[in-house]
Amino acid sequence: MLLANALRKIDFQDLLVFLEICERQHLGEVAEALNLSASSVSYSLKKLRGCFDDELFIATRSGMRPTRRALAMRPQVRTMVELMNGCHSDQGAFDPCQAPRTFRLCAPEYFELLILPALLRRLNEAGYPVSLDVQRLGRDIPAEALVQGGLDLALGFGPNLHRAHPALMSLALLKDELLCIRDAASAPVNDLDDFCARRQVFPTPWNSERNMIDGWLQEQGRARQIAARTNNYLAALQLIPHSDLLLVLPERVYERLGDARTARSPLPGLPSFSLEMLWAQPFDQDPANLWLREQILSVCAEQSLL
């Protein structure tokens, strides 16, 4: 419901002035208590009188006496001020120091390489009795476990690389590009024909038979030849030196794990992707869940990943 035009002119300070006049009955004492000038107190009182079309307080020798209208308003104004203070207070917020807490996450190796080390360091340096249980991401986002509270957060790739679920909320944490990696002494990859002709290493840092590169190739009626599959990015990189193999790797991962024995081969058209944080809608305002999401966002900001 919209407020009357007159009421829209009232601000929080005016409400505080009203309550203080009720308590102290002397404008000078009100100004001192609120650390305001006498003119500011007088201006607030003038606004209140105009908005409510009532004197509200009548000047007497013993002080400002509230009218019947002011007395009726007093409990309601106090409630409004308490509600506003409640919006600003930390009541109900999660206190990580209060008791040991284990957060359960489901995430790919990408998260473990880029975000988890800094996140754990942040928690340890703060002395929080908080531990992280990170489970391997499967083919699909574990929606039921998130909704039922078995998991606090899931991290997955996007956009639209996992099946959507109506009970989940998501936030893209960062964006990344895919690179074509080869042995530094091997022939460069000039085009898509070269790319598909050479055998490749397929890292599977999350449980899936296919990934975004295969979908991209399929859209163009192409397919690649897989020479080996590995469980993680580092193992895949170790297979590239002194070979003619290729490896498609996220740019941020290559910046962390790559070395002088390997080189990039530009391949225009390789898709970009995002890392997305997902949580269940029933836990959107849960204090502990909110706190954990804030910690992850802070780590991403500190590392300039956002």
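As shown above, the structure is provided for reference.
An account of the accompanying structure is given in this report. (Residues numbered from 1 in each chain as written. Predicted model: local features only at pLDDT ≥ 70, side-chain atom pairs only at ≥ 80, totals over all residues. Heavy atoms only, no water.)

## Focus: the side chain of S243
With respect to the helices and strands, S243 occurs in the loop between α10 (233-238) and β9 (246-250). Within polar-contact distance, the side chain of S243 engages the backbone nitrogen of L245 at 3.2 Å. Sequence-distant contacts of S243, that is, excluding residues within four places in its chain, are made with D183 and S186. (Helix = DSSP H or I, 4+ residues; strand = E, 2+ residues; numbered from the N terminus. Polar contact = N/O pair within 3.5 Å; in protein donor to acceptor, adjacent residues only side chain to side chain. Contact = heavy atoms within 4.5 Å.)

## Describing the pattern of salt bridges
Inspection of every chain in the model, using the stated rule, returns 14 salt bridges. Between R122 and E302 there is a salt bridge, and its shortest N-O distance comes to 2.5 Å. Note that R122 is positioned in helix α6 (residues 116-126) and E302 in helix α12 (residues 287-302), a separation of 180 residues in sequence. For R122, a relative accessible area of 25% corresponds to the partly exposed category. (Salt bridge = Lys/Arg side-chain N within 4 Å of Asp/Glu carboxyl O. Buried < 20%, exposed > 50% of the residue type's maximum accessible area, 1.4 Å probe, protein only.)

## Quick word on unusual backbone geometry
A negative phi angle is the norm for most residues apart from glycine, just as the trans form is the norm for most peptide bonds. Of note, the bond from G158 into P159 is cis; its omega dihedral lies within 30 degrees of zero at 0°. Tracing the chain through its elements places P159 in the loop between β5 (153-158) and β6 (168-183). Residue L56 is not a glycine yet carries a positive backbone phi of 65°. Within the fold, L56 resides in the loop between α3 (38-52) and β1 (57-60).

## Focus: empty space enclosed by the protein
If a probe the size of a water molecule is rolled over the atoms, the empty space left behind becomes visible. Counted under the stated rule, the structure contains two cavities of 30 Å³ or more. Considered as a void within the structure, the second largest cavity measures approximately 30 Å³ in volume. Lining the second largest cavity we find L237, P241, L257, G258, D259, R261 and T262. Residues that form the lining of the second largest cavity fall into these classes: three nonpolar, two polar and two charged. (1 Å grid on protein atoms, 1.4 Å probe; cavity = no way out; pocket = protein on both sides within 12 Å on 5 of 7 lines; lining within 4 Å. Points joined across faces, edges and corners; volume = space filled by probe spheres on them. Nonpolar A, V, L, I, M, F, W, Y, C, P; charged D, E, K, R; others polar.)

## Observations concerning the pairing of β5
Most of β5 is tucked away, with six of its six residues classed as buried. Residue alternation in β5 divides its side chains into two sets, L153, L155 and F157 and A154, G156 and G158, and both sets are buried. Pairing of β5 with strand β11 (residues 272-280) involves five bridges; the strand directions are antiparallel. Each bridged residue has a counterpart across the sheet, and for A154 the counterpart in β11 is L278. (Pairing = 2+ DSSP bridges.)

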